[in-house]
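Close look at the chain arrangement
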Amino acid sequence: MRATPPRTSGVTPDPPTERDTGAPGPSDRTTTGPGDTPPAALWARPPQARDASPTEPHSSQTRDASTTEPHPPHARHTSTTETHPSHARHANTTEPRPPQARHATAAEPSPRVPPYPKGPPGPPDLAPVSRRFLAKATLVTAVLSVAGAVLGLARDQALARLFGAGRETDAFLVAWTVPEFASTLLIEDGLAFALVPAFSLALARRAQGAAGDPVRALVAATLPKLSLAFVAVSALLVGAAPYVVEVLAPGLPDPALAVDCTRLTAVCVLGFGLAGYCSAALRAHRRFLAPAAIYVAYNTGIITAMFVLGGQWGVRSAAVGVAIGGGLMFLVQLPSFVGQLFRRQQLAAQEPGASGDRAVTAALVVTVLLFALCRQSQTLIERYLASTLDAGAISHLNYAQKVAQIPMTLSLMLCTVTFPVVARALADGDVERARSRVERDLALASCVVLLGAATVIACAPQIIELLFQRGAFTARDTAATAGVMRVYALGLLGQTLTGVLVRSYFSAARPSWYPFAAMAAGIAATSWIGAWTVGPWGVSGIAAANATGITVTAVLLLAGMGPGSVPIRRRSAVRELGRPVCAAVVATIAGALVASQVPSAVPGLVAGGATVAAVFVLLAWALDAQGVVPALRSLRSVTRRLTHGRCR
């Protein structure tokens, strides 16, 4: 039975989002994830023994409590039993090991890896991030992300109802390429991959008591430059809108409307860039509430603009909503960002010549942005090929992709929470803990996305009919979109694996060209297969090319996991992936058979979805899929806390 850390006056043990309050408090704690085995022997030692024990062989594991900044008394005297097994294995062997530490032996020895760039080791009183914290942070992120996704569906429903699936929506969706690229480059992938490790390293230096405040120095060195870059890109897109439309969709029936919409949506680049910067900083500080709420604000702005301005401006109102929503994404995070930045009051003078942006090198930014740009170019290829088909083809692709990607988005929510955990572990030099965290993320995310993909494939007609078939969106549009969505869903596992694995390449805050090369290979496969299949198969051929290309990228990223990234055990990971894949195949067949027997959309979706879920969970459990049991345990734990209040 796991020991519970004693409470001390003025200390609240592990609240969901207020646990970390700045250096040298909990915001700079070293972290562990669900299932980590705590070596109580290391943390049970007196501070003197922890500070200068000559018997510990790894200096990166030794915590020096002597910093230039005093630590709160409650931090020095709080004991905990949650740390990582890698610390237990390197602890002084003359001390007794607790029962938890006896289970910390890794299945395989850690491969030799080059040293990661890291800041000074943190103090010994940094408490770990517990399973409870990760569960609550993931729950907060999931709830608000689902709310944003629901509003996104409402946005697409409003677009389909007000403007149908024809020339107007095709023109807007060409302009929609701008916010799609901006969100990938500036919020979800590109900028986050560079800034989260940079802020994690700054927080590690702050925890050590570096002169000045490394976090403020990082903001002062990077935010003004990036803001100017965002403004310049927005202005460039406004001026070059006609050429952008010509390149994206040369066969578009109404290019003038697409140019107008592109110019309006180009304004969002500034809002998206500032929102992405704030999100990266807050997540590194373990603040997930405001970053998770950005898409709620964004989609609210678009929906409001369409209904208020749609009668006069037509589909241009949706483009205006994109610009407004981008600003709201930044404003919703601004109070929390400013609060974290100015939380520390008494700071030492900045060291002469100290640089706050040394963790954000030009090479790192270039490799990260090239990867994200290459990944998002799949959308360009799809729309370029679809522009030669009948009117409405681009709309069918868009609606199918938006719905099919929901399982992928849900599966990556845990990785959004744990990415700062991995980055902080590498900043502290703890490669073993980073590897363990990535392997668990891979197993859990794969189970979630496969369950969602099975549901999407089995119940595609019912889902599209329920969501979109009204107004100008006809039954013919429903059939076409459902067929495309089923093909898209075949690539969802590849999408999730790419999202999980690429974080490992950039979490050490150093440039890596391999992810860009892997993504370029996938794009080449998408382009070649799409050009070959668009003639005989139409939009379904384009969706098949997308699924194949991203799967190629995922395979290459998994094959390259080694010294250049977090060195996971690849063979074990592949074997583990095979179990939920088998369960998903059987669940899809069973769910499709059940859903097809029910004539109405809602009952068919309920029956088919319930069948998929039941079959998948039972088979995955029987096959001992490692991602299923932790997910059910975390769900049961969170539900119990929500039902019974604060956990003792």
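Described in the following lines is the structure provided in the data block. Because the structure is a prediction, the values reported are computed rather than measured. Here, residues in each chain are numbered from 1, in the same order as that chain's written sequence. Residues qualify for local features only when their pLDDT is at least 70, as the model is predicted, and side-chain atom pairs are given and counted only at 80 or more; totals for whole chains, interfaces and linings, by contrast, use all residues. Excluded from the side-chain calculations are hydrogens and water; all other atoms, namely the structure's heavy atoms, are used.

1. Quick notes on the nonpolar core
Which entries qualify depends on this criterion: Residues belong to one nonpolar core when they are buried, are Ala, Val, Leu, Ile, Met, Phe, Trp, Tyr or Cys, and are joined through side-chain atoms within 4.5 Å. Only protein chains enter the calculation, and the probe is 1.4 Å; a residue is then buried if its accessible area is under 20% of its type maximum, exposed if over 50%, and partly exposed in between. Secondary structure follows DSSP: runs of H or I at least 4 residues long count as helices, runs of E at least 2 residues long count as strands, and numbering of each begins at the N terminus. We call two residues contacting when some pair of their heavy atoms lies within 4.5 Å.
Judged by nonpolar contacts, the single largest core of 146 residues is most densely connected at Leu 159, Phe 172, Phe 199, Met 485 and Ile 568. In terms of residues, this core owes the most to one element, helix α21 (residues 431-458), which gives twelve residues. If we ignore the near neighbours within four places in the chain, the residues touching Leu 159 are Gly 164, Thr 169, Phe 172, Leu 173, Met 306, Val 315, Ala 318 and Tyr 399. Formed by six residues, the second largest nonpolar core is a distinct cluster that contains Phe 133, Leu 134, Phe 288 and Val 421.

2. Considering helix α9 (residues 214-239)
For clarity, the threshold we go by: By this rule, a helix spans an expected 1.5 Å times one less than how many residues it contains. Note that the bend at a residue is defined as the angle between axes fitted to the seven residues ending at it and the seven residues starting at it. By the criterion applied in these results, polar contacts are pairs of N or O atoms within 3.5 Å in which, for protein atoms, one can donate a hydrogen and the other can accept it, and in which residues neighboring in sequence qualify only through two side-chain atoms.
Counted at 1.5 Å a residue, the expected span for α9 with its 26 residues is 38 Å, and the 38 Å between its end C-alpha atoms agrees. In α9, a bend of some 25° at Thr 222 exceeds every other bend along the element, and Pro 224, a proline, comes one to four places later. When α9 is considered as a whole, its buried residues turn out to be Pro 214, Val 215, Ala 217, Leu 218, Val 219, Ala 221, Thr 222, Ser 227, Phe 230, Ser 234 and Leu 237. Check the buried side of α9 and you find it contacts α7 (177-188), α8 (190-208), α10 (241-248), α12 (268-284) and α16 (334-341). The N-cap of α9, judged by a side-chain oxygen 3.1 Å from the amide nitrogen of Val 215 a few residues on, is Asp 213.

3. Here's the deal with the packing of aromatic side chains
Which entries qualify depends on this criterion: The aromatic pairing rule takes the rings of Phe, Tyr and Trp, using the six-membered ring of Trp, and pairs them if the centres are within 6.5 Å, calling planes under 30 degrees apart stacked, those over 60 edge-to-face and the rest tilted.
All chains considered together, the criterion is met by 15 aromatic pairs. Between the aromatic rings of Phe 172 and Trp 176, the centroid separation amounts to 5.6 Å while the plane-to-plane angle is 50°, which identifies the pairing as tilted. A single burial state applies to Phe 172 and to Trp 176, both of which are buried. An aromatic cluster of three or more residues is present, and its members are Phe 172, Trp 176, Phe 272, Tyr 295 and Tyr 298.

4. So, the pattern of salt bridges
Side-chain pairs of opposite charge can arise where the charged atoms are in close proximity. Where we set the bar: In what follows, salt bridge is the name for a side-chain nitrogen of Lys or Arg lying within 4 Å of a carboxyl oxygen of Asp or Glu.
Scanning the model with the defined rule gives nine salt bridges in all. Its salt-bridge partner being Asp 430, residue Arg 433 comes within 3.1 Å of it at the nearest N-O pair. With respect to class, Arg 433 is no different from Asp 430; both count as buried. Here Arg 435 makes a salt bridge to Glu 432, at a shortest N to O gap of 3.2 Å. A residue pair is termed a helical-turn pair when its members lie 3 or 4 positions apart in one helix, as Arg 435 and Glu 432 do in helix α21 at three residues. Each of the two residues, Arg 435 as well as Glu 432, counts as buried. Three or more residues joined by partner-sharing salt bridges are found here, namely Arg 206, Asp 213 and Arg 216.

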